[in-house]
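Next come the chains, spelled out residue by residue.
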Amino acid sequence: MSQPNTTPAWRTSSYSDGGGCVETALDIPGVLVRDSKVGLGPIHTYDRRAWMIFTEAIKLSR
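Now for a description of the structure that goes with this document. No experiment lies behind these values; they were computed from the predicted model shown.

1. Details of the overall build of the chain
The helix and strand tally for the chain stands at one helix and four strands. Each helix and strand of the chain, ordered N terminal to C terminal, gives the series β-β-β-β-α. Per-residue burial for the chain yields a buried fraction of 19% across its 62 residues. When the accessible surface of the chain is split by element, carbon and sulfur atoms take 58% of a total near 4,800 Å².

2. Considerations on the sheet that holds strand β1 (residues 11-12)
One open sheet holds the four strands; their spatial order is β1-β2-β3-β4, and the pairing between them is antiparallel. The two strands at the open ends of the sheet, each matched to only one other strand, are β1 and β4 (44-46). Bridge count for strand β3 (residues 30-35) against β4 is three bridges, and the pairing is antiparallel. Pairing of Leu 32 across the sheet is with Thr 45, part of β4. Helix-sheet contacts for helix α1 (residues 48-61) involve β2 (22-27), β3 and β4, and the interaxial angle to β3 is about 60°.

3. Quick notes on the pairing of β2
Of the two faces of β2, only the one carrying Glu 23, Ala 25 and Asp 27 is buried; Val 22, Thr 24 and Leu 26 on the other face are not. Alignment of β1 against β2, held across two bridges, turns out to be antiparallel. Within β2, the position partnered with Arg 11 by the bridge is Thr 24. When β2 meets β3, the two strands line up antiparallel, connected through six bridges. Pairing of Leu 26 across the sheet is with Val 31, part of β3. Two successive antiparallel strands, β2 and β3, enclose a turn made up of two residues.

Calculation notes
- Residues numbered from 1 in each chain as written.
- Predicted model: local features only at pLDDT ≥ 70, side-chain atom pairs only at ≥ 80, totals over all residues.
- Heavy atoms only, no water.
- Helix = DSSP H or I, 4+ residues; strand = E, 2+ residues; numbered from the N terminus.
- Buried < 20%, exposed > 50% of the residue type's maximum accessible area, 1.4 Å probe, protein only.
- Areas by Shrake-Rupley, 256 points an atom, 1.4 Å probe, with all protein chains shown as cover.
- Pairing = 2+ DSSP bridges.
- Contact = heavy atoms within 4.5 Å.
- Axes fitted to C-alpha atoms, helices over the stretch in contact; angles between N-to-C directions.

See below:
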């Protein structure tokens, strides 16, 4: 987990119900992910390629 030095541009999923989702942001090390209900909580960093594979797998499972 990391805490970025700059303020990332957080995005909430279009499927979010207004508070029960994750937020993502692009950053130098990769993709940042946090709980939308805990804005100052932990931030997880994932490799961009791994994140792309993960999100594509979710899309295919729908």
